[in-house]
Amino acid sequence: RDELARQFCYAVGIAPNVISRPLESFAFPDKRALKCYLDGSKFIRATGLRFTPMSQVFRAFVHNTQGLNAPT
């Protein structure tokens, strides 16, 4: 998750200032895996659809928000 936040910062042109915390420092009521990855191959085979890479999502976000002013 911290790497995704860093990638977003780079995409929008700001230096990342992301602080990583161990999973244990959050009070989640359920047990969570330290590392987990989605294998979308079965979904792709069943539907023919593909997931959009996050780098492409970030580029589209930057493109779609260029020229917007932040609220004051």
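Residues numbered from 1 in each chain as written. Predicted model: local features only at pLDDT ≥ 70, side-chain atom pairs only at ≥ 80, totals over all residues. Heavy atoms only, no water.

### As for the environment of serine 20
Rule in force here: Think of it this way: any DSSP run of H or I at least four residues long counts as a helix, any run of E at least two long counts as a strand, and we number them from the N terminus. We call two residues in contact whenever any of their non-hydrogen atoms come within 4.5 Å of each other. Whenever a nitrogen or oxygen atom comes within 3.5 Å of another N or O atom, the pair is scored as a polar contact, on the condition that within protein one atom can donate a hydrogen and the other can accept it, and that pairs from neighbouring residues in sequence are kept only if both atoms are in side chains.
By the element assignment, serine 20 lies in the loop between helix H1 (2-12) and helix H2 (41-47). Residues serine 20 and valine 62 lie 42 residues apart in sequence; the distance between their C-alpha atoms is 24 Å. Apart from residues lying up to four places away in sequence, serine 20 is in contact with Asp2 and Arg6. A polar contact is formed between the side chain of serine 20 and the side chain of aspartate 2, at a distance of 2.6 Å.

### Observations concerning the pattern of salt bridges
Short version of the rule: In the sections that follow, a salt bridge refers to a side-chain nitrogen of Lys or Arg positioned within 4 Å of a carboxyl oxygen of Asp or Glu. Burial here depends on accessible area, computed with a 1.4 Å probe over protein chains only, as a share of the maximum for the residue type. Under 20% is buried, over 50% is exposed, and the range in between is partly exposed.
As enumerated under the stated definition, the model contains 1 salt bridge in all. Note that arginine 6 is salt-bridged to aspartate 2, the shortest N-O span being 3.0 Å. Of the two residues, arginine 6 and aspartate 2 both sit in helix H1, 4 residues apart, roughly one turn of that helix. Looking at aspartate 2, the relative accessible area reads 31%, which means it is partly exposed.

### Some details on the environment of lysine 31
One can find lysine 31 in the loop between H1 and H2. Along the chain, lysine 31 and cysteine 9 lie 22 residues apart, while their C-alpha atoms are 29 Å from each other.

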